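# Coordinate inspection notes
In case you want the letters, here they are:
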Amino acid sequence: MEVIIVPNAQEGSDVAARLVARQVREKPDSVLGLATGGTPCKLYQLLARMHRSDHLDFSRVTTFNLDEYLGLDPAHPASYHRYMEENFFSQVNIARGHIHIPDGLAGDVAAHCVAYERMIRDAGGIDLQILGLGSDGHLGFNEPGSSLASRTRIKTLTERTRCDNARFFTNPCDVPHHVITMGLGTIMESRMCLLLAFGSGKAQAVAASVEGPVTASVPGSLLQFHTRAKVILDAEAASLLARAAYYQWVYKNKPEWQTDL
Ligand code: F6R
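This section reports on the structure supplied with the text.

What counts and how
- Residues numbered from 1 in each chain as written.
- Predicted model: local features only at pLDDT ≥ 70, side-chain atom pairs only at ≥ 80, totals over all residues.
- Heavy atoms only, no water.
- Patch = residues over 30% accessible without salt bridge, like charges linked within 9 Å, V, L, I, M, F, W, Y side chains within 5 Å.
- Areas by Shrake-Rupley, 256 points an atom, 1.4 Å probe, with all protein chains shown as cover.
- Salt bridge = Lys/Arg side-chain N within 4 Å of Asp/Glu carboxyl O.
- Helix = DSSP H or I, 4+ residues; strand = E, 2+ residues; numbered from the N terminus.
- Buried < 20%, exposed > 50% of the residue type's maximum accessible area, 1.4 Å probe, protein only.
- Axes fitted to C-alpha atoms, helices over the stretch in contact; angles between N-to-C directions.
- Parallel < 35°, antiparallel > 145°, perpendicular 65-115°, else oblique.
- Left-handed = near helix turned anticlockwise from the far one by under 90°.
- Contact = heavy atoms within 4.5 Å.
- Pairing = 2+ DSSP bridges.
- Core = buried A, V, L, I, M, F, W, Y, C linked by side-chain atoms within 4.5 Å.
- Near = heavy atom within 4 Å.
- Polar contact = N/O pair within 3.5 Å; in protein donor to acceptor, adjacent residues only side chain to side chain.
- Nonpolar A, V, L, I, M, F, W, Y, C, P; charged D, E, K, R; others polar.
- Phe/Tyr/Trp six-rings, centres within 6.5 Å; stacked < 30°, edge-to-face > 60°.

Turning next to a nonpolar patch on the surface. On the surface, a cluster of nonpolar side chains totalling about 270 Å² of accessible area is made up of L148, V214 and F225. Note on placement: L148 falls in the loop between β6 (128–131) and β7 (153–156). Taking the relative accessible area as the measure of exposure, L148 reaches 35% and is therefore partly exposed.

This brings us to the packing of helix α1 (residues 9–26) against helix α2 (residues 41–54). Packing of α1 against α2 brings their axes to within 8 Å, and their N-to-C directions diverge by 50°. Considered as vectors, α1 and α2 are oriented oblique to each other. Classified by chirality, the crossing of α2 by α1 is right-handed. Across from A9, Q10, S13, D14, A16, A17, R18, V20, A21 and R25 in α1, the residues of α2 making contact are K42, L43, L46, L47, M50 and D54.

Next up on the list: the pattern of salt bridges. Here the structure, examined in full by the defined rule, presents 11 salt bridges. Between D14 and R18 there is a salt bridge, with its nearest N and O atoms 3.2 Å apart. Residue D14 and its partner R18 are located together in helix α1, separated by 4 residues, close to a single helical turn. Residue classification places D14 among the partly exposed residues on the basis of a relative accessible area of 30%. What you see here is one network of salt bridges that share partners, running through E2, K230 and K254.

The subject of this paragraph is the sheet that holds β7. Ordered in space as β4-β8-β7, the 3 strands form an open sheet in which the pairing is antiparallel. With partners counted over all chains shown, the strands left at the sheet margins are β4 (67–69) and β7, one partner each. On average, adjacent strands in this sheet sit at an angle of 30° to one another, irrespective of strand direction. Pairing of β7 with strand β8 (residues 178–181), which is carried by 4 bridges, proceeds in the antiparallel orientation. Paired with R153 across the two strands is T181, which belongs to β8.

Moving on, we get to the nonpolar core. Residues L47, F58, L233 and L241 are the most contacted members of the largest nonpolar core, which totals 78 residues. If one sorts the elements of this core by residue count, α1 sits on top with 8 residues. In this view, L47 contacts A17, V20, A21, L56, F58, F88 and V92; residues no more than four positions away in its chain are not counted.

The environment of the ligand is formed by 14 residues, the closest being T39, D67, H138, G140 and K202. T36 places a polar side-chain atom, nitrogen or oxygen, 2.8 Å from an oxygen atom of the ligand. Within the contact set of the ligand, an oxygen atom lies 2.7 Å away from a side-chain nitrogen or oxygen of K202. When the ligand is considered free in solution it has 410 Å² of accessible area, and contact with the protein chains removes 94% of it. In terms of residue class, the shell around the ligand is built from 3 nonpolar, 8 polar and 3 charged.

Topologically, T161 is positioned in helix α5 (residues 159–165). Look at T161 and you get buried, because its relative accessible area is 1%. The spacing of T161 and E143 is 18 residues in sequence and 8.6 Å in space, taken between C-alpha atoms. Beyond its immediate chain neighbours, meaning those up to four positions away, T161 contacts D136, H138, F141 and E143.

Right, let's talk about the packing of aromatic side chains for a bit. The tally for this structure, following the rule as stated, stands at 11 aromatic pairs. Judged by centre distance (6.3 Å) and plane angle (75°), the rings of Y44 and Y83 are edge-to-face. Residue Y44 is located in helix α2, and its partner Y83 is located in helix α3 (residues 80–87); the two are separated by 39 residues in the primary sequence. Residue classification places Y83 among the buried residues on the basis of a relative accessible area of 9%. On the basis of an interplanar angle of 80° and a centroid distance of 5.4 Å, the ring pair of Y69 and F169 is categorised as edge-to-face.

Strand order in the open sheet formed by 7 strands is β1-β10-β9-β6-β2-β3-β5, and the pairing between neighbours is parallel. Both edges of this open sheet fall to β1 (2–6) and β5 (99–100), since each of them pairs with a single strand only. Both strand β2 (residues 31–34) and β6 contribute to a ladder of 2 bridges, which runs parallel. Note on β6: the bridge partner recorded for L32 is L128.

Structure representation (structure tokens):
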């Protein structure tokens, strides 16, 4: 796990955008795993800008989103379909047929989840998975207690997550209880994971994920088992890390042969 601490969310998003851009330039038909929520908004803006001004080409890229609320129409203002359309897909030249987001209106949810897993496999697996972190340590919508081997399925949100996400809904009571989410096992099969966390509200979950024991009680901690996970934090999100100074020294003093950003 590489921990990258930068002063603010803008710089963190910048580091993340450079990593995603490099992935897409090196492998134009990359499969990207995408997250929604407040955290990756700036990252999507930066990627859209790179598309416009630096010819970053998404035409051969395939995407799989982590999750969607169960029961929300794609046109609902708080749906992740709508979020992705507004924040990213409408801004770049991605092929419509290459976009995959769990269907919150699927009739047979279990079959839909199996098909989603199959589509990820058939696409060759996810090259780079973008992740945010819940204030309770969730990854995707894998809430604390989720099986560490889980696959795409229905999950029930905790009250804490429903409260955190109420800001996206006109009426807080409308936050759905149920979601479809990629599983932790699905996420762990991505060839690279990029976890972003910004703000003091994430500090506890970050410390537990990065320096605590690996436990289903903190799904983010599972990334300690990933061979290529980068955690990009602003100063506030990193504020409870015991080894913050060490991570910063390592990042600033990377030897030349280490080509990673
Ligand atoms: C969203 C997702 C969630 C969020 C997390 C943090 O697709 O999978 O895990 O990344 O809830 O949300 P924000 O970024 O809004 O703090």
